[in-house]
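Chains, contacts and geometry: an overview
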Amino acid sequence: MNEDDRAGRGSLILGGAGRNVSIAVLSTLVFFTVLVLVIVNAPGWENVKHTFFDPKVFREYFRTIGHAFVLNIKIFLVAEVLILILALGLAVLRSLPGPVFFPLRLMAIVYTDVFRGIPTILLVYLFGFGIPALQLSHVTKDPVKLGAAALVVIYTAYVAEVYRAGIESVHPSQEAASRSLGLTRGQTLRTVILPQAVRRVVPPLLNDFIGLQKDTALLAVIGPVEALQRATIAADTEFNYTPYVITAFFFVLITIPQARFTDWLINRQRQRRMAGGQL
Amino acid sequence: MSALVCEDVHKSFGSLEVLKGIDLSLEDHEVVCLIGASGSGKSTLLRCINLLERIDSGRISVNGQVVTARGVDVNRVRRGIGIVFQSFNLFPHMTVLQNVTLAPRKVMGLGKREAEEQALELLSRFGLEDKRNEYPDRLSGGQQQRVAIVRALATRPQLMLFDEVTSALDPELVAEVLGVIKELAEGGMTMLIATHEMGFARDIAHRVCFLDGGVLLEQGRPEDIFSNPQEPRTQQFLQRIIAAGRL
């Protein structure tokens, strides 16, 4: 293996070391210089600059929107915990063998099909406006909770599929080995199958969570003052779209570390596989 | 009382009949080798005895108990039968010690300490105590297979099944695994061994059974089967083995 190959595996972004780094830096500089020149020299640039990148508006609303963004963070953190638990349950239901469990498997399949099919924003509307309209005395009318529930319902369907792929990726001989030792089906699932399955699906799972975090902005349509809603109020007050750019900035800010972390995990798993190491 | 009795065991996968009425019994402390070409039904028979496959008809008894009857606690039966697979099938997310103590803790209800003490005793018997904290992928194939044997022994089975346990090993690692099986045989373990290692079978077996197309065609003392086989199919099979330099 030559040096470039080794370095290439270590750094997915730069794709090499030494001479390759210089080439990467140079081509990046050229690309972005051209891009900036094209945008700045566009006929409508002055107008766009004023509407989307107004420094005065930026300074005025940065903190306010940052505070509102805390609500997005709270929503997705709570949702993620619930999704991890519920989706695992759903995936296990769907992998139960034998005719006895057919009704449960069927329910799990219908659930996944339905909620992966519904656009998230529609379910947010349905939960946010439909459930309070039922006027049930013990059910919350808090749009934050209802909106979060809609996200949990949708993403549980996605994450269950991720778990299921993980469960199915564990070779049947593992189950045979465990059962041959006298472990029950449940013990086998808990101690042999799931620990291996979950390890393998962490990267795709984090990927789904990045999607979920962005989708917290959809709750704006039913009223809670989270980052996007706050930005809309500000934009309507100032007749300026800079608050939206601020909101985008916050979403990108929390996504990047997770994306890099996911890359790092994938890379580590690949290296361990190649070294014949432990997954 | 026989350690194992198979009576007219039939097993099909779809339209393919893999076992066509197997009659076979093992006495206590007896070592029986199953030989035969790939696809002759050796592995399937072992998996049926361990109840990993459900037989279509016939009867299998272990230590006098009919294990293929309805309402039998399969997990209890499996505790008494150790099986070792061709591809080791160690749990890759567990250390050697965790692999070996899993069944004693989960199935036999031993405490962690007690299970580990017993596991270490077994591991050191087979020269593996210094590997106790390694993960399986850090071990050689021979070491992995020895750990798999120890794992199967940890529930103190009365009957051990070996399913071509050296077929996935590099040639230089075969001997260490066969050595372990030999040691078990000398200790009086009742064993049913599916193998392609004819020299080993001749060495260790009290009886050799030749399986052909799902039928137990011929059985007898190893010296009789290997030097004076009666059935033409057995002769053919052994000639091919000799031609391949494996006997």
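Residues numbered from 1 in each chain as written. Chains lettered and ligands numbered in written order. Predicted model: local features only at pLDDT ≥ 70, side-chain atom pairs only at ≥ 80, totals over all residues. Heavy atoms only, no water.

When helices and strands are counted, chain A shows 11 helices and 0 strands. Its helices and strands taken in sequence order, chain A reads α-α-α-α-α-α-α-α-α-α-α from the N to the C terminus. At 24 Å, chain A has a C-alpha radius of gyration far larger than the 19 Å of a compact globule built from 279 residues. Over its C-alpha atoms, taken along the principal directions, chain A stretches across nearly 75 × 70 × 25 Å. Across the 279 residues of chain A, 39% fall into the buried class. Sequence separation of at least 24 residues holds for 74% of the intrachain contacts in chain A that already meet a minimum separation of 6. Split by element, the accessible area of chain A, about 15,700 Å² in all, is 69% carbon and sulfur. For chain A, the centre of its 26 positive side-chain charges and the centre of its 18 negative side-chain charges are spaced 9 Å apart. (Helix = DSSP H or I, 4+ residues; strand = E, 2+ residues; numbered from the N terminus. Rg over C-alpha atoms; globule rule 2.2 N^0.38 Å. Buried < 20%, exposed > 50% of the residue type's maximum accessible area, 1.4 Å probe, protein only. Contact = heavy atoms within 4.5 Å. Areas by Shrake-Rupley, 256 points an atom, 1.4 Å probe, with all protein chains shown as cover. Lys, Arg positive; Asp, Glu negative; His and termini not counted. Charge placed at Lys NZ, Arg CZ, Asp CG, Glu CD.)

Over the atoms rolls a probe the size of a water molecule, and in doing so it shows where empty space is left. As a volume, the largest pocket reaches approximately 670 Å³. Taken together, 23 residues make up the lining of the largest pocket; nearest its centre are Leu51, Glu53, Arg54, Val74 and Arg78 of chain B. Those elements that place two or more of their residues in the lining of the largest pocket are α8 (172-180) of chain A together with β4 (57-62) and α2 (74-79) of chain B. For the lining of the largest pocket, the leading source of residues is α8 of chain A, giving 4 residues. Along the lines of polarity and charge, the residues of the lining of the largest pocket split into 10 nonpolar, 4 polar and 9 charged. (1 Å grid on protein atoms, 1.4 Å probe; cavity = no way out; pocket = protein on both sides within 12 Å on 5 of 7 lines; lining within 4 Å. Points joined across faces, edges and corners; volume = space filled by probe spheres on them. Nonpolar A, V, L, I, M, F, W, Y, C, P; charged D, E, K, R; others polar.)

Here the focus is the sheet that holds strand β3 (residues 31-35) of chain B. Residues and elements named next belong to chain B. If you walk across this open sheet you meet the 6 strands as β6-β7-β8-β3-β9-β10, and the pairing is mixed. Because the sheet does not close on itself, it has two edges, and the strands there are β6 (81-84) and β10 (215-220). For this sheet, the mean inter-axis angle between neighbouring strands, taken without regard to orientation, is 20 degrees. Examined bridge by bridge, strand β9 (residues 207-212) and β10 share 5 bridges and lie antiparallel to one another. Looking at the pairing, Cys209 lines up with Gln219 of β10. Across the sheet, helix α6 (residues 171-186) touches β3, β7 (159-163) and β8 (190-194), and the angle it forms with β8 is around 150 degrees. Contacting β3, β9 and β10, helix α9 (residues 232-243) runs over the sheet at an angle of about 100 degrees to β9. (Pairing = 2+ DSSP bridges. Axes fitted to C-alpha atoms, helices over the stretch in contact; angles between N-to-C directions.)

Now for the environment of Tyr158 of chain A. Residues and elements named next belong to chain A. Within the element layout of this structure, Tyr158 appears in helix α7 (residues 143-169). For the pair Tyr158 and Lys49, spaced 109 residues apart in sequence, the C-alpha to C-alpha distance is 39 Å. Not counting residues up to four positions away in its chain, the partners in contact with Tyr158 are Arg116 and Asp208.

Another aspect to go through is the interface of chain A and chain B. Contact residues are listed per partner, giving 20 residues for chain A and 25 residues for chain B. Across the interface of chain A and chain B, roughly 1,800 Å² is buried in total on both sides, 60% from carbon and sulfur atoms. Across the contact surface, chain A and chain B share 0 salt bridges. Here chain A is connected to chain B by 5 residue pairs in polar contact (both at pLDDT 80 or more). Looking at the side of chain A that touches chain B residue by residue, the class counts come to 6 nonpolar, 12 polar and 2 charged. (Buried area = accessible area lost by both parts, 1.4 Å probe. Salt bridge = Lys/Arg side-chain N within 4 Å of Asp/Glu carboxyl O. Polar contact = N/O pair within 3.5 Å; in protein donor to acceptor, adjacent residues only side chain to side chain.)

Right, let's talk about a nonpolar patch on the surface for a bit. On the surface, a cluster of nonpolar side chains totalling about 540 Å² of accessible area is made up of Phe31, Phe32, Leu35, Val36, Ile39 and Val40 of chain A. Mapped onto the elements, Leu35 of chain A comes out in helix α2 (residues 19-40). (Patch = residues over 30% accessible without salt bridge, like charges linked within 9 Å, V, L, I, M, F, W, Y side chains within 5 Å.)

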